[in-house]
Structures are given as C-alpha cells and as structure tokens.
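Here are the chains, one letter per residue:
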Amino acid sequence: MTVTTTRSAASGHPEPAGVDNRVVVGGAALTWRSLPTPTLPDPVAVLAHSAVHALTAARQHAVHGTELLLSTASRVDAAMRTELLEAGFTVGVLDDDGLRLSAPARPRAADPGRLWLLTSGSTGRPKRVGHTLDTLTTVRAEQPDRTWLCPYAPGTYAWWQVVTLSLTQPGQHLVVVEPDELDDWPTVAAAHGVDAASGTPTFWRRTLYRDAAALARVPLRQITLGGEPVDQAILDQLREVFPTARISWIYASSEVGASIVVHDGRAGFPVDWLDRETPGRPTLSVRDDELVVTSPYHGAGLTGPIRTGDRVQVLDDRVLITGRLDSDEINVGGSKVSAGVVRGVLTGHPAVAWARVTGRRAPVLGRMVVAEVVLTPADTSVPDEGALVRWCADQLPEHAVPRRIRILTEIPVKETLKSDV
C-alpha cells in the first residue's frame, strides 16, 4: 500500500498519498487537493447534505485526524441525534450554506484519528462502530490506474472502502454519483471514463433491468459486488455483458472489515478457506450455520471471533452466504426453509431479474413461504405466478415452494443500495 504523504504548504499538515487523484462530483472535475477542508469541531458528527460535502469532511479527517462520524441526514433520526449529543459529539449539518452546529450535551475530549461508522441497521437500529483510516484501508497492494464509480451513501462502510482507496493510492480516481443520478449512472460513468465500479447485487440487478445496453457502454475492467448475498445468477449476468472484466465479490461489514474476496466467478468461497489461519488475514469459521470471522480489520473494541449474524450453507466445495440468520430461516410446519436458497432458485429462472423471499403467517403450518419478483423486461415469454411456482417445485422440497408469488414492476432499493433480502 502506498502510504507516503506530502505536506500542504498552506497548512503544514500531511496530505494523503492520493491527494492529486481526480474526483468528479456534482458534475465538476476536481482533485482531493482542490477540495476545501472545512473547520470542524472535535469530535464531530457531520450530516452531509450532498456527496461533495461528505468528501470535504473525509479530506478534512485525512489531513487533521478529527474524530469524525459521517452520514447523510436521512440516516440519523431525532433519537440518534440525541444519542450522538449525549455521547459528546457536536452534531453539524454541512451544506452549501456552511456548517450548522448543535453543541454536545456532555462535552468530552476527542479521540484523535477515530472514525465512526453507522451500521446498516439490518439487525435493528444502526449502531456506532469505531475505525481508523488504517483499518478501513484494506486494499494495500499497488493497483493499476483506475477510475472508480462510487454510488454508495456517504459514511457507510462501502463508501469508505472506495474513498480510502482513492485517498491512499495514486492513480485511483473517483466519480461520485448522487442519489438522483443513480437511474442514469451508466451515462455519467461512460462520460468520465469509469472502468471500475463497486455496488450491491441489487444495484447491479437494477441497472441491468433498467438499461443493460447503457451499462454495456461503460468500459468496465473491474466489477465488484458486496453488501448482500451474491448468487450465481448475477455473476453470470455480469459476465455475459463484460466477458473480459475481472468480477469480484467481497464480504465486508462495519464490525469485521473486508474479510472475503473472491475472483473466480463462482458464488460463495472455497470450503478449504474455513479455519485457515494466515498472519494478517481474517480467519473464517462456521458455527451453527453462522459465519464467524476473526479479523485484523475489526472495529474498535471487538476482539477474537465475531459472530456475523449471517447464515451460511456448505454445498459441495463452496460455502454460500444465504442471508441474515434472523430473517433467512422460515419454519414451515416444523421444517426449516432457507429464504436465500429459495431466492436463488427464483433468480435462476431466465425471466426473473430480482426476487425477495419471506415467511407469512399461515393456519396449521404456522408460516408459509411467499415471494416477490421482478421480471426481466427483455424476456418475451413472460411467466405467470403458476409457472414460477412450478419452476420452484421442480427444484425444491414441497414445503419450501412459495405459496404466493407477487410480481412487482420495479426493483426496490434502499439508500444503502440494498433491498430487504
């Protein structure tokens, strides 16, 4: 990893090694060096109005080490703001008019260099996890020059992964898209020479669904997926559009950092990676169908084996991550059904672009399996609910076959670029 720094003549503070990388945001082509560094209190929780404001806060932290929690305002409700003020943070809204501050209820000394992330909230309310730029910077080898698309919400773990890559590695340029640009991001990416992009499976499915031809015009050499279960169907669909690109999927979280990286084009990871101890690398284990990770990139205060809450299935020579433990298992009349397995069968249908599988209360059985799907618009033989049920019945035990399948017209996506799977 390139970690050398330069010093700003104006401030005397160290500059990150990627300070001269190009940053395209809000339609303007800038560099990290030309971004302003706002004066921030310490510690501070910055609620950024837009992507450019988030980037200025990230650059400020990289230069000054201000203790920082960075988020969009929409991810921090009134209760969370109160929690932050009680925890000693000054809460500031950063927009074109400057920084509007709310003083902490209990002021405290700052922890220099500390970065705080809010988890995605998949197990309830988001919680704070402490990191540093070093623990967030997990791409440490020299990289070929690339221009990366960053579609993530500011302050999320995935956002920091792309941002720290550009901050710490010369030649890693950045094109940031705002939420209102997501529907047309391939046009923005093609215009600015994006050749590497990271997104959730939902992000990629939604783009393929809306305009696969526009996506194919982006000269991608590196495609990365993460943040949700990655199944074979989406890997194969991307390979069809980009036959020469390197396609990688990454397992990472705020708690354990980036723990799994797979480049072989197959869903899951090799079973012989389990319980393999290598200095400086995470150790992966399975306990009671749950992925357990021991990682050098874990959040502050977390040590040893960490239960991730993600359900895994060992199938032949692969370990597949199927979903969250608290939502993946559906009990149908005493028989256990994995929602992820059923989802994988549905998305394996050539006419299905996306699927969500859940359990619903039912008489006698207690729960029954139901699903929502979005069909591929290019498919000429549109299946009905009965055809999809029969497709599942040919591949699943009777109790796992969805009893209801609702067809939606659009792939739903949250601010985190995930759907509820």
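Fair warning: this is a prediction, and the values are worked out from it, not measured in the lab. (Residues numbered from 1 in each chain as written. Predicted model: local features only at pLDDT ≥ 70, side-chain atom pairs only at ≥ 80, totals over all residues. Heavy atoms only, no water.)

**A closer look at the overall build of the protein**
Scanning the protein from terminus to terminus reveals 10 helices and 26 strands. In summary, the protein has a C-alpha radius of gyration of 22 Å against a globular reference of 22 Å for 421 residues, a match within 12%. Structurally, the protein occupies a C-alpha span of about 70 × 45 × 45 Å along its principal axes. Every one of the 421 residues in the protein was classed for burial, and the buried ones make up 52%. In the protein, of all internal contacts separated by at least 6 residues, the share reaching a separation of at least 24 is 60%. Counting only carbon and sulfur atoms, one obtains 52% of the accessible surface of the protein, whose full area is about 18,300 Å². Counting 42 positive and 48 negative side-chain charges, the protein places the centres of these two groups 2 Å from one another. (Helix = DSSP H or I, 4+ residues; strand = E, 2+ residues; numbered from the N terminus. Rg over C-alpha atoms; globule rule 2.2 N^0.38 Å. Buried < 20%, exposed > 50% of the residue type's maximum accessible area, 1.4 Å probe, protein only. Contact = heavy atoms within 4.5 Å. Areas by Shrake-Rupley, 256 points an atom, 1.4 Å probe, with all protein chains shown as cover. Lys, Arg positive; Asp, Glu negative; His and termini not counted. Charge placed at Lys NZ, Arg CZ, Asp CG, Glu CD.)

**Quick look at helix α9 (residues 339-347)**
For α9, a buried count of 7 out of 9 residues is recorded, marking the element as mostly surrounded by other parts of the structure. Of all the positions in α9, only Ala339, Gly340, Val342, Arg343, Val345, Leu346 and Thr347 are classed as buried.

**Regarding the side chain of serine 71**
Examined against the element boundaries, serine 71 turns out to sit in strand β6 (residues 68-72). Excluding anything up to four places from it in sequence, serine 71 contacts Val46, Leu47, Ala48, Val76, Leu118 and Pro154.

**Comments concerning the sheet that holds strand β26 (residues 404-408)**
The strand order across the open sheet formed by 3 strands is β24-β25-β26, and the pairing between neighbours is mixed. The open sheet has two free edges, formed respectively by β24 (352-362) and β26, since each of these has just one partner strand. Each strand of the sheet is rotated relative to its neighbour by a mean of 25 degrees, with strand direction disregarded. Running over the sheet, helix α6 (residues 201-216) touches β24 and β25 (366-375) and is turned about 125 degrees from β24. (Pairing = 2+ DSSP bridges. Axes fitted to C-alpha atoms, helices over the stretch in contact; angles between N-to-C directions.)

**Brief notes about the environment of glutamate 67**
Mapping glutamate 67 onto the fold places it in the loop between α1 (51-64) and β6. Glutamate 67 gets classed as buried once you look at its relative accessible area, which sits at 1%. Separated by 26 residues in the primary sequence, glutamate 67 and proline 41 have C-alpha atoms spaced 8.8 Å apart.

**A short note on the layout of surface pockets**
Approximately 330 Å³ is the volume attributed to the second largest pocket. Lining the second largest pocket are 17 residues, and of these Leu208, Gln237, Pro350, Ala353 and Thr376 sit closest to its centre. Of all the elements in the fold, those that place two or more residues in the lining of the second largest pocket are α6, α7 (232-241) and β24. A class-by-class count of the residues in the lining of the second largest pocket yields 10 nonpolar, 5 polar and 2 charged. (1 Å grid on protein atoms, 1.4 Å probe; cavity = no way out; pocket = protein on both sides within 12 Å on 5 of 7 lines; lining within 4 Å. Points joined across faces, edges and corners; volume = space filled by probe spheres on them. Nonpolar A, V, L, I, M, F, W, Y, C, P; charged D, E, K, R; others polar.)

**Things to note about the packing of aromatic side chains**
One pass over the full model with this rule turns up 6 aromatic pairs. Both rings, one in phenylalanine 89 and one in tryptophan 116, keep their centres 6.4 Å apart while their planes meet at 85 degrees; by these two values the pair is edge-to-face. Of the two residues, phenylalanine 89 sits in the loop between α2 (78-86) and β7 (90-95) while tryptophan 116 sits in strand β9 (residues 115-118), which places them 27 residues apart along the sequence. For the pair shown, phenylalanine 89 and tryptophan 116 are each scored as buried. Taking 5.2 Å as the distance between ring centres and 80 degrees as the angle between the ring planes, the aromatic pair formed by phenylalanine 203 and tryptophan 204 counts as edge-to-face. Connected via pairs of aromatic rings, a cluster forms that spans Trp185, Phe203 and Trp204. Lying across the ring of phenylalanine 89, arginine 108 places its NZ or CZ 5.0 Å from the centre. (Phe/Tyr/Trp six-rings, centres within 6.5 Å; stacked < 30°, edge-to-face > 60°. Lys NZ or Arg CZ within 6 Å of the ring centre and 35° of its normal.)

**Some thoughts on the confidence of the model for the protein**
On average, residues of the protein score 90 in pLDDT, and 95% of them reach the 70 mark or higher. Across residues 1-12, confidence stays below pLDDT 50; counting only partners more than four residues off in sequence or on other chains, it has 26 contacts. (pLDDT = per-residue confidence, 0-100.)

**Some remarks on the pairing of β25**
Burial of β25 is extensive: 8 of the 10 residues sit out of reach of the surface. The sheet contact formed by β24 and β25 spans 10 bridges and is antiparallel. Residue pairing for β25: tryptophan 354 is matched across the bridge by valine 374. The hairpin formed by β24 and β25 contains 3 residues between the paired strands, and valine 364 there has a positive phi angle of roughly 70 degrees. Relative to β26, β25 runs parallel, the two being bridged by 5 bridges. Residue glutamate 372 lies in a different strand from β26, and its bridge partner there is arginine 406.

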